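# Coordinate inspection notes
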Amino acid sequence: MRVPLAQQVQELVGTSELVIITERVDDVALLIGHMVKMGFVEVLDRHIPRHWQQRELSWGWTAVIWLAYILTKGDHRKVSVEAYIQGMQHTLSHLSGQVITPLDFSDDRLGHLLQHLSKPTYWHEIERELNTRSLEVYALSQHVIRCDATTVSGTHEVRDGGLLQFGHSKDDPRRPQIKVMMGSLDPLGMPLATDVLSGERADDGLYIPLIKRLEAGMSQPGLLFVGDCKMSALDTRAYVVGRQHLYLSPLPLTGATAEAMAAWISDGIAKDRDGALERLVRRNHRDEEVLVAEGYEFERRCGLEEGEAEWTERVLVVRSPAHAERQVAGLAKRLAPAEHKLAALTPARGRGKRQITEEAQLVAAIDKVLKEQQVEGLLQVEWQQEIERHTHYVGRGRGSATRQQRVTEHSRYHLPRITRQEGPSRALTQLFGWKAFVTNAPPERLSLRDAILCYRHEYRIERIFNRLKSRVHIAPLFVKLNNQIEGLTYLLTLGVRVLTVMEFALRRSLQNDHATLPGLHPENKTKMTDTPTAERSLQAFSDVSLTIIKQAAGEDILRRLTPLSGVQETILQCLGLDTSLYRQLEIQGIGN
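Residues numbered from 1 in each chain as written. Predicted model: local features only at pLDDT ≥ 70, side-chain atom pairs only at ≥ 80, totals over all residues. Heavy atoms only, no water.

### A short note on the packing of aromatic side chains
Put simply, the rule reads: Each pair of aromatic rings taken from Phe, Tyr and Trp, with Trp reduced to its six-membered ring, is defined by centres within 6.5 Å and is described as stacked if the planes are under 30 degrees apart, edge-to-face if over 60, and tilted in the remaining cases. Helix and strand assignments come from DSSP, with helices taken as H or I runs of at least 4 residues and strands as E runs of at least 2, each series counted from the N terminus. Only protein chains enter the calculation, and the probe is 1.4 Å; a residue is then buried if its accessible area is under 20% of its type maximum, exposed if over 50%, and partly exposed in between. Criterion for a charge above a ring: Lys NZ or Arg CZ within 6 Å of the ring centre, and within 35 degrees of the ring normal.
Scanning the entire structure with this criterion turns up six aromatic pairs. Ring centres 4.6 Å apart and planes at 10° place the aromatic pair Trp 123 and Tyr 490 in the stacked group. Separated by 367 residues along the polypeptide, Trp 123 in helix H8 (residues 120-137) and Tyr 490 in helix H17 (residues 482-512) bring together distant segments of the chain. The class for Trp 123 is buried, based on a relative accessible area of 1%. Aromatic ring contacts, followed pair by pair, group Trp 264, Tyr 296 and Phe 298 into a single cluster. In this structure, Arg 109 packs its charged tip against the face of Trp 59, placed 4.6 Å from the ring centre. The ring of Tyr 296 is capped by Lys 271, whose NZ or CZ atom sits 5.3 Å from the centre of that ring.

Here it is, written out as structure tokens:
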């Protein structure tokens, strides 16, 4: 924008026109400063080779600035970055100390960055060094590692050898998907290792390769690997034991476990009557004691094959009252539709009402409904056959006492009574809420109480997947080639790492200082919190802008930044960043 200058200013600058530029700094400076502190630029530049004809801007700075854009805008499309850089050149150049041009972020150059990240020789070393730096800089505990997988759907064409394949999916089974296998560090939930695999792969065989990479980057034995029931495969448990590590996972209700579970639950019910179950009680928001879980444990010997090394593992049989209540409610929701569908099998006679006339057909229809609603043995269904007889004269004409007659019969079945079986229902509900876990950790390392609480923190790795899908918006994938899909997924996990470490560092600093932050909740400006999320903390910087006044020839005359609020300064201080990160962008007055 060009505007005429006042006379006094004209004498100082010697021109009658100036150019005013406004750039939305917002949380970009914070994100770049935090990524530099985490070592992103240094680590990426060390492990991604530089081509002799490469543009001046390094791969490390390219990745950091692109990540700042993704985290700010929630958009990973390559095509949109160049236009964004065009409107942020002054801010990004001052923050990076580099000459930033839109061509540094062209579609082709960003594609080359993803291609480099997709190479295991580069990516594994980048992950390993970033893990080491984060553990040292933020003094993180490295005792518990969670492993899990998620899927990311796309609209890509399915091809042989492609990553996008059809497979079991919680999202949309009608669309092809990739599988993302991840290990994360407790308690902050920081991604440690990520594998991108084709979407048809089963989870069971993905744990051992991931654990191999995780243990290679950690500096101590005796790591506790926590996962879902797919991690409890005997091969996986044997590998963890062989590497002198520990595991904790639930057992799936299949095979030998399904056969033994009824006896384990019966033992638990008997111990409950005798008051022998170990109880876990916590206080709720009303300061009332609430039973969280109860259970018992026993030991057994395990081994892959007879003659091979065996180990002792503990089986933890645990009942969750809350889970049992949800299962009871689910059963009630299944019983009511089942009764309605059964009654609809035999409607009253009427036009358009199809009747069941064969008993075998009726029995098959009843069994189908009971199986669909998973209520076999819980409903008693009684049926009766109705036969209507009608007498007709044979032939045409009026009837008479001597005229021949014939009788036709129309049969149908109906259900006079559908009764809920209280005995089987009561017996079934006694089985609700029980789950078996296995661990090779000794009780002094992981008690029954600690094991229950540890597994209940499984939401921590789910938060990573949630951020991957809702904050950096990995889906839909706007790249097609396998190496681009892999590289982009790895890049976005770096973005999730930034959010995770930022949130952890901010919360720890506030809690150590016994401080709180106000104003992070738009619905309640006075609400104070010592557990802010990274997303709300970044949102607090949404009103920071840089106004640049330049001569028409291009020389900066004045750069003014929106003054930082007390909350913004506190956030920077808690993250170990200085307010100069923002103030360096300014030129306070003419001639300065």
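Once the structure has been displayed, the description carries forward.
### Quick look at the side chain of Asp 186
Convention followed: In protein, a polar contact requires one atom able to donate a hydrogen and another able to accept it; more generally it is a pair of N or O atoms within 3.5 Å, and residues adjacent in sequence count only if both atoms are side-chain atoms. Contacts between residues were defined by any pair of non-hydrogen atoms, one from each residue, lying within 4.5 Å.
Examined against the element boundaries, Asp 186 turns out to sit in the loop between strand S4 (177-185) and strand S5 (190-198). Of the residues examined, Asp 186 reaches a relative accessible area of 6% and is grouped as buried. A distance of 2.9 Å separates a polar atom in the side chain of Asp 186 from a polar atom in the side chain of Arg 146. In this view, Asp 186 contacts Ser 141, Val 144, Arg 146 and Arg 460; residues no more than four positions away in its chain are not counted.

### As for the packing of helix H3 (residues 40-47) against helix H4 (residues 59-73)
Let me state the cut-off plainly: To define axes, lines are fitted to C-alpha atoms, for helices over the stretch in contact only, and angles between the resulting N-to-C directions are given on a 0 to 180 degree scale. In this scheme, roughly parallel covers angles under 35 degrees and roughly antiparallel covers those over 145, while 65 to 115 is roughly perpendicular and the rest are oblique. Less than a right angle of anticlockwise turn of the near helix away from the far helix marks a crossing as left-handed, whereas a clockwise turn marks it as right-handed. Gly falls in the polar group here, along with every residue not listed as nonpolar (Ala, Val, Leu, Ile, Met, Phe, Trp, Tyr, Cys, Pro) or charged (Asp, Glu, Lys, Arg).
Interhelical geometry of H3 versus H4 gives an angle of 135° and a closest axis separation of 7 Å. Classified by the angle between their axes, H3 and H4 sit oblique to one another. For the pair H3 and H4, the sense of crossing is right-handed. For the pair formed by H3 and H4, the contact residues are Phe 40, Val 41, Leu 44 and Asp 45 on the first element and Trp 59, Gly 60, Trp 61, Ala 63, Val 64 and Leu 67 on the second. Tallied by class, residues from the contact of H3 with H4 come to eight nonpolar, one polar and one charged.

### A few points about the sheet that holds strand S7 (residues 246-250)
Strand pairing in a sheet relies on backbone hydrogen bonds, with the paired strands running either antiparallel or parallel. Inclusion rule: Two strands qualify as a pair provided that DSSP identifies no fewer than 2 bridges between them.
Strands sit in the order S5-S4-S3-S6-S7-S13-S10-S9-S8 across an open sheet of nine strands; the sheet is mixed. Each edge of the open sheet is held by one strand with a lone partner, namely S5 and strand S8 (278-283). Taken over all neighbouring pairs, the strand axes of this sheet differ in orientation by 25° on average, direction set aside. For strand S9 (residues 289-303) and strand S10 (residues 310-319), the ladder comprises ten bridges, and the chain directions are antiparallel. Within S10, the position partnered with Glu 299 by the bridge is Arg 314. H17 rests against S4 and S5 of the sheet, and its axis sits at about 160° to S5.

### So, the state of the cysteines
Counted only if it meets this: Only a pair of cysteine sulfur atoms within 2.5 Å qualifies as a disulfide here.
Overall, the coordinates contain zero disulfides when judged by the stated rule. The structure places no disulfide on Cys 229, whose sulfur is separated from the nearest cysteine sulfur, that of Cys 147, by 14 Å. A relative accessible area of 29% means that Cys 229 is categorised as partly exposed.

### Here's the deal with the pairing of strand S16 (residues 545-551)
Across the seven residues of S16, six count as buried, placing the element largely inside the fold. Judged from the seven bridges that link them, strand S2 (residues 17-24) and S16 form a sheet pairing that is antiparallel. The residue bridging Ile 20 from the neighbouring strand is Ile 549, located in S16.

### Some thoughts on the pattern of salt bridges
To keep things clear, this is the line we draw: A pairing counts as a salt bridge when a side-chain nitrogen of Lys or Arg comes within 4 Å of a carboxyl oxygen of Asp or Glu.
A complete count under the given rule lists 33 salt bridges for this structure. A salt bridge links Arg 301 to Glu 310; the shortest N-O distance between them is 3.6 Å. A salt bridge links Arg 412 to Glu 386; its shortest N-O distance comes to 2.7 Å. Of this pair, Arg 412 sits in strand S12 (residues 405-420) while Glu 386 sits in strand S11 (residues 379-393), and the two are 26 residues apart along the sequence. A network of salt bridges, in which partner residues are shared, links Arg 463, Arg 467, Glu 503, Arg 507 and Glu 535.

### A closer look at the packing of H3 against H8
At a minimum axis separation of 9 Å, H3 and H8 run at an interaxial angle of 150°. Looking at the two axes, H3 sits roughly antiparallel to H8. The two elements H3 and H8 meet at a crossing, and its hand is right-handed. Counting all contacts with H3, which are made through Phe 40, Glu 42, Val 43, Leu 44, Arg 46 and His 47, the residues of H8 involved are Tyr 122, Glu 125, Ile 126, Glu 129, Leu 130 and Arg 133. Residue composition of the contact of H3 with H8, grouped by class: six nonpolar, one polar and five charged.

### Here's the deal with unusual backbone geometry
With an omega of 0°, the peptide bond running from Asp 186 to Pro 187 counts as cis. Examined against the element boundaries, Pro 187 turns out to sit in the loop between S4 and S5. Of note in the backbone geometry, Ala 139 takes a positive phi value of approximately 50° without being a glycine. Note that Ala 139 resides in the loop between H8 and strand S3 (144-153). By relative accessible area, which is 59% here, Ala 139 ends up exposed. A positive phi angle, close to 60°, is found at Gln 244, a residue other than glycine.

### A word on the environment of Glu 359
Mapped onto the elements, Glu 359 comes out in helix H13 (residues 359-372). Given the relative accessible area of 39%, Glu 359 is considered partly exposed. The sequence separation of Glu 359 and Ile 269 amounts to 90 residues, and the corresponding C-alpha distance is 41 Å. Here Glu 359 is in contact with Trp 383 and Tyr 413, once residues within four sequence places are set aside. Of the polar contacts made by the side chain of Glu 359, one reaches the side chain of Trp 383; its length is 3.3 Å.

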